[in-house]
Amino acid sequence: MAEAARGFGVDVGGSGIKGGVVDLAAGRLVGDRHRIDTPQPSTPDAVADVVAEIVAGFGWEGPVGVTLPAVVKRGVAHTAANIDKSWIGTDAAALFAKRLDRRPNEVVVLNDADAAGMAEIRYGWPGDQSGVVVLLTFGTGIGTALFLDGRLVPNTEFGHLEVDGHDAETRAAASVKDEEELTWEQWAPRVSRYINALEDLIWPDLIIVGGGVSKKADKWVPMLDVRTKVVAAELRNTAGIVGAATAAAEREG
Ligand code: BGC
C-alpha cells in the first residue's frame, strides 16, 4: 500500500515549541511529537534554532509549516503578545526558510490559532461547517480563529478584546488559571464573561474550545454560562502542528 502523504508542522507557543510528522489524509500525528521549552528570551533567532532542532530531529526534509502566537501576514509577524517583541516586523517565513535550508515556497508561517482552527475544521468537525464558527485556544494567551462557512478569516485577535477594562486574555487565559491557582469553578465564570462579550459582537453558531485545557473540557465546559453551543476541540493540543503541516503542504502543491 502507498504511504499516506505526510507533512511537518511546528507549533511555537509562549511556553513550548512542539513539532511532528503529520499524516495529511487523517490529520493526525505520525508517532510522537517533540517538545522543547520556548527559549527565553524568545527572540527570532533563538526560536529558529529550536525549530531547526526539532525538524532535524525527525530527519524531515520536506516542506514545513510553522505557527507563531502573532498576527502573521505574508510571512511577516506584526504583533508579539506572548513572545519576544523583536518578532514585530520580522519576516518569519524568510528566517525559517534560511535556517531550515528550504526554498521560500517550502515554508509557511501562520498564526497559531488559525492553524489549529484549520485543522479542527478540516479533520475534527468535518460535518456541518456552515455559519459562523469560532475556535478559541486557551493557553499562555487566548487565540481565536474565525470561520464563515468553513473559510478562515485570518488573524482575528479576539483574545485581546477589552472586557471589563482588561485585555481579555490577562483574565481568562489558561496560564492565568495556573498563575492565580484558580479552581475550575473560579476560572469558568471568567471564560463565560469573555465568551459573552464575544457573543455580543459576532454571534457565532458554534464555539470550539482548544488548547491544553481542552483535554479537561469535561471539568469546565459544562459550567459555562453562554448562549452558543460549545464543543471541545477534537485534535486536542496537536491541532496547531496538524494545521501548520496542512498549510505548508497546500502551499507547496
Ligand atoms: C496572540 C495571538 C495568539 C494567541 C494564542 C495572543 O496573545 O496575540 O496572536 O494567537 O495569543 O497564542
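Residues numbered from 1 in each chain as written. Predicted model: local features only at pLDDT ≥ 70, side-chain atom pairs only at ≥ 80, totals over all residues. Heavy atoms only, no water.

Caption draft 1: Inspection of the overall build of the protein at higher detail. The helix and strand inventory of the protein stands at eight helices and 15 strands. Since a compact globule built from 253 residues should have a radius of gyration of about 18 Å, the 17 Å found for the protein is in line with a globular shape. Summarising its shape, the C-alpha atoms of the protein cover approximately 50 × 45 × 30 Å along the three principal directions. Within the span of the protein, comprising 253 residues, buried residues form 57% of the whole. In the protein, 62% of the contacts between residues at least 6 apart in sequence involve partners at least 24 apart. Total accessible area computed for the protein in this model is approximately 11500 Å², and 49% of it derives from carbon and sulfur atoms. (Helix = DSSP H or I, 4+ residues; strand = E, 2+ residues; numbered from the N terminus. Rg over C-alpha atoms; globule rule 2.2 N^0.38 Å. Buried < 20%, exposed > 50% of the residue type's maximum accessible area, 1.4 Å probe, protein only. Contact = heavy atoms within 4.5 Å. Areas by Shrake-Rupley, 256 points an atom, 1.4 Å probe, with all protein chains shown as cover.)

Caption draft 2: Main features of the pattern of salt bridges. One pass over the structure, following the stated rule, counts seven salt bridges. In this structure, the salt-bridge partner of Arg 193 is Asp 164, at a minimum N-O distance of 2.9 Å. Of this pair, Arg 193 sits in helix α6 (residues 184–202) while Asp 164 sits in the loop between β12 (162–163) and β13 (166–167), placing them 29 residues apart in sequence. Residue class for Asp 164 comes out exposed when judged on its relative accessible area of 52%. (Salt bridge = Lys/Arg side-chain N within 4 Å of Asp/Glu carboxyl O.)

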